Amino acid sequence: MTNSVAAKLKESLGKSKVLASEAELFCYSYDATPLVSFRPEAVVKAENEEDIQRTLELAASEGIPVTARGSGTGLSGGSVAVDGGIVLLTTGMNRILEVDADDLSITVEPGVVTSTIHNTVEALGLFYPPDPGSMKVSTIGGNVAENAGGLRGLKYGITGDYVLSLDTYLIDGSKVRYGTKCVKDVAGYNITKFLVGTEGTIGIFSRIVLKLVPKPKAKKTFLALYDNIIDACRTVSAIISTKVIPSTLELMDRVTINCVEDYSGIGLPRDVDALLLIETDGHPAVVEEEGAIIDSACKNNRARTLRMAQSPQEADELFTARRMALSALARAKPTTILEDITVPRPAIPEMMACITEVSAKFNIKIGTFGHAGDGNMHPTCLTDERDPDEIRRVHEAYEVIFDKAISLGGTISGEHGTGYAKSKYLPAMVGPKAIEVMKRIKAAFDPENRLNPGKIFPREAR
Amino acid sequence: MASGIDPEKISRSFAALDIHDYGDVLQCMRCGLCLPSCPTYRTDGVETETPRGRVAMIKGVIDGRLEANEEFIEHIYDCLDCRNCQTVCPAGVKAGELVLEARNRIEENRPQPVIKKFMLNYAILSQKRLAKFMPPLRIYQRAGLQSVVRRFDILKLISEDLRLMEALLPPLPSRPLSDQIPEEIPARGREKGRVGFFLGCAMNLIFGDVSRASIDNITRAGYRVIIPKEVQCCGTPNIAEGERKVYREMARNTMRLFQDRSVDAIVTDCAACGAELKTYREIFRKDPVISNIAEEFSSKVRDISEFLDSAIDSSVKFGSRPLKVSFHDPCHLRHAQKLIIPQRNLLRRIPGLDYRELPDEGQCCGSAGIYNITHRQRSMKILEAKIESIDRTRAELVISSNPGCLMQLMYGKRQHQKSWNVCHISEFVNESLKLGENV
């Protein structure tokens, strides 16, 4: 197969920035989404804005799709080129351009790894709260494109709440700067906020300005253990209803706890039905007061034990263990398929009961963990892709779970995005009119549908 | 094809990977958590040079979706076998070991170059044979030839690889250590037990003084040391290059040499040897004749730090070494043997020592057996990052416990004119114990 696209890209950008061998294309055919694999025609490793521009211009003259990609840790297939074309890697654009400690902002290129931002600003007493599970690998460009969440979402919000300005390349290779470093900016449409979470279907970011906050002075970390997962879910609702917003309120069920303990060996109890990882942060006096409220909420809802982390290391260990949950679940069975439903917090016990029921009804092993504090749960089916019957049951189980989440006033995706994997569920979620509006917006930016096609909108509905 | 590679033949051998290995391949859920820890992802920044990518490619070959062509083989050989990916993988995917499995299947199905056959099937079988290479090299170093060659950079005219090979070699001893010591050395003071000492090739031939210190440390801990002289190579180079027949032969011989010697432990001061010797139990697990012997053998193997940290009791005194010190973990110690604590514990017992952790601890130094020769440019990039992290600690001395790491770090020190020194943990501990004795 002669690859003329790759040849032209090499001519325009230089050989070292274009990958197009068989193995290279194979390795860019996937991200972290199970069962999704499509090979691009070429991969461009952009090192600067000019590379992005030239790639888009060449794609325009060839009439082929362009799909942006960071570290490839996405869980909805957002960075997989389902219609082929060019994969545009931004990992080579990984410079921190400015930390403005006086005005509390940081300006970065899209390929900067999220935890690099944390380390950089925390050394200066500042704080960038969004902390998706993959933060040590994921790029900020991907986080903005997917509007990634994380463990601190309930108190501090998610990626989009921190984006101040975006330099964005449009499909024709032109660039626009939306937003400023100002906290207030209502000049014209708020395109900045709109671009967040568009999953690479509207534009490609080349420069990102993020808002920072002061680093909290104190924190307290609790581990609450439960003999019944429903009690853990009730605790979550109880804490929120007492008007305390912890900085983290995470749930892990028995299956997840055991897989995580298999890997980390930090001494999580294997015989409990669920645990909550709770953290409160801020001024020491407030932390003290909230800690007491959390304490009684746990005990009132039949927590078996409640333990406070004795050192920052112990707290770190617990958080790291929690971030490993999804990958650790992959130990149990060959294939791991997770979902990302989110429901209003009073509905968490009912949602959890539904997941347990579905697991039994379809005879599927499900491990559930998630950001219970913001209602965002990750029921994860542990299965085997070589067993088509079981895979069919997995999909049936998820349909029931999605229907339930929607009927409770929730959503099919809290933080992983619609992407390729969930596009067919979107119409049921938002309705035909909303789909039509979204398609009109998409067409205004990308009339030829060449920017990350095959995402968000279900294929049959196009 | 000129290279004599038959991708279909290789693919067929991959398809026959047994179900256990296949399960490991499938268990990779491609989360990418391995990416930042992988030295080749750090240098190259592309998916083909990641554990996730290698696992995906191997799976692709098994499923018939990727051809096992020359490019595939290249990526499989770009891995340094540092196993950092295995340390960080929450799903328990053994990406590093899968790569070795893939290499074995590749090598069994492609023609072998003569020089490689000579080294892996012949030279390596006997340390005496290997020792024959040493005198000419030593003459070269001692007769002033080396300084002329280095001053005028003569080898650069021939080949960069050759130049590096030359530059990596430290001053060579006149004879291998095995020619200089008895087969049994008694314990100092009351004998607490018997230890078999495995004399690795590189230690015996190049770092004889280090092993002499290791043995002395063991006797100071109260153990009689038995040193079988006829040991062969542990097999690490063979496994790394996909060779397994000679490997098994050598392993059997080694296990035989330590059998019936009533030793409580088998100690080695080479991290790579230690990792390999501990693996024999896995390699022979399905062999009904020898599985018990291999199990017993591997269960006795201890790295020198692992052994000394528990064997040296409070009656043995350490002398003060007021130095700023860092420890560079050999990958075969930290990732393959999962040993992180003992070497640090041992160092912290030395009075006056100012221990400083290397930033980015657990990263490979780029030595990786002969990787620095076969993949010179990438290896040098990895080394530069290591040097940078050493510099940041402001350590005066970098300690390690693997001959490959020692040569690589010593080369880095010379090349970049660093003021810090490099030594093996046994030498350092030995000096401290000798000082402690006089207190």
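Keep in mind it's a predicted model, so treat the numbers as computed, not measured.

1. Some thoughts on the overall build of chain B
Here is step 1: Across its full length, chain B holds 26 helices and nine strands.
Here is step 2: Rg of the C-alpha trace for chain B: 22 Å, near the compact-globule value of 22 Å for 439 residues, within the 12% margin.
Here is step 3: Counting only C-alpha atoms, chain B reaches 70 × 55 × 45 Å along its principal axes.
Here is step 4: Scored against the burial criterion, the 439 residues of chain B give a buried share of 47%.

2. Some words on the overall build of chain A
Here is step 1: Regarding its fold elements, chain A presents 16 helices and 18 strands.
Here is step 2: Overall size of chain A, expressed as C-alpha extent along the three principal axes, is 65 × 60 × 45 Å.
Here is step 3: Taken over 462 residues, chain A has a buried fraction of 55%.
Here is step 4: Long-range contacts, defined as pairs at least 24 residues apart, comprise 72% of the intrachain contacts of chain A with a sequence gap of at least 6.

3. Considerations on the sheet that holds strand β7 (residues 354-355) of chain B
Strands pair in a sheet through their backbones, by hydrogen bonds, and they do so in one of two ways: parallel or antiparallel.
Residue and element names in this part refer to chain B.
Here is step 1: Pairing within the open sheet is parallel, and its four strands lie in the order β7-β6-β8-β9. In this open sheet, the two edge strands, each paired with only one partner strand, are β7 and β9 (421-424).
Here is step 2: Where strand β6 (residues 324-327) and strand β8 (residues 397-400) come together, three bridges link them in parallel fashion. Bridge assignment links Phe327 to a residue of β8, and that residue is Ile399.

4. Here we look at the sheet that holds strand β5 (residues 301-303) of chain B
Residue and element names in this part refer to chain B.
Here is step 1: If you trace the five strands from one edge of the open sheet to the other, you get β1-β3-β2-β4-β5, paired in mixed fashion. Edge positions in the open sheet fall to β1 (184-185) and β5, since each of these has one partner strand only.
Here is step 2: When strand β4 (residues 265-268) meets β5, the two strands line up parallel, connected through three bridges. What sits directly across from Thr268, in β5, is Asp303.
Here is step 3: Contacts from helix α18 (residues 271-283) reach β4 and β5 within the one sheet, and its direction differs from that of β5 by about 155°.

5. Here we look at the environment of B:Ile340
All names here are of chain B.
Here is step 1: Along the chain, Ile340 falls in the loop between α21 (331-334) and α22 (341-348).
Here is step 2: Residue classification places Ile340 among the partly exposed positions, given that 16 C-beta atoms sit within 10 Å.
Here is step 3: Between the C-alpha atoms of Ile340 and Pro330, which are ten residues apart in sequence, the distance is 10.0 Å.

6. Examining the domain arrangement of chain B
Residue and element names in this part refer to chain B.
Here is step 1: Taken domain by domain, chain B consists of domain 1 (7-107), domain 2 (122-168), domain 3 (177-310) and domain 4 (316-438).
Here is step 2: Centre-to-centre separation of domain 1 and domain 3, based on C-alpha positions: 30 Å.
Here is step 3: With six residues of domain 1 at the contact, the number on the domain 3 side is six residues.
Here is step 4: A class-by-class count of the residues in the side of domain 1 that touches domain 3 yields two nonpolar, one polar and three charged.

7. A few points about the domain arrangement of chain A
Residue and element names in this part refer to chain A.
Here is step 1: Its domain assignment divides chain A into domain 1 (4-89), domain 2 (96-214), domain 3 (216-326) and domain 4 (333-454).
Here is step 2: Taking the mean C-alpha position of each, domain 3 and domain 4 sit 25 Å from one another.
Here is step 3: Each partner contributes to the interface: domain 3 provides 19 residues, whereas domain 4 provides 17 residues.
Here is step 4: For the side of domain 3 that touches domain 4, the secondary structure elements donating two or more residues are α8 (229-241), β13 (248-253), α9 (254-264) and α12 (325-329).

8. Re the interface of chain B and chain A
Here is step 1: The partner chain A presents 30 residues to the 26 residues of chain B that form the contact.
Here is step 2: Residue assignment for the side of chain B that touches chain A shows that the elements contributing at least two residues are α2 (19-27), α4 (51-63) and α5 (70-78) of chain B.
Here is step 3: Looking at the side of chain B that touches chain A element by element, the count peaks at four residues for α4(B).
Here is step 4: Partitioning the side of chain B that touches chain A into residue classes produces 13 nonpolar, nine polar and four charged.

9. A closer look at the nonpolar core
All names here are of chain A.
Here is step 1: Counting residues in hydrophobic clusters, the biggest one holds 245 residues, and the most contacted among them are Leu88, Ala224, Val260 and Leu275.
Here is step 2: Per element, the largest residue contribution to this core is seven residues, and it comes from α8.
Here is step 3: Look past the residues within four positions of Leu275 in its chain and what remains in contact with it is Leu223, Ala224, Leu225, Tyr226, Met252 and Ile257.

Parameters and conventions
- Residues numbered from 1 in each chain as written.
- Chains lettered and ligands numbered in written order.
- Predicted model: local features only at pLDDT ≥ 70, side-chain atom pairs only at ≥ 80, totals over all residues.
- Helix = DSSP H or I, 4+ residues; strand = E, 2+ residues; numbered from the N terminus.
- Rg over C-alpha atoms; globule rule 2.2 N^0.38 Å.
- Buried ≥ 20, exposed ≤ 12 C-beta atoms within 10 Å, placed from the backbone.
- Contact = placed C-beta atoms within 7 Å.
- Pairing = 2+ DSSP bridges.
- Axes fitted to C-alpha atoms, helices over the stretch in contact; angles between N-to-C directions.
- Domains from an automatic or database assignment.
- Nonpolar A, V, L, I, M, F, W, Y, C, P; charged D, E, K, R; others polar.
- Core = buried A, V, L, I, M, F, W, Y, C linked by C-beta atoms within 7 Å.

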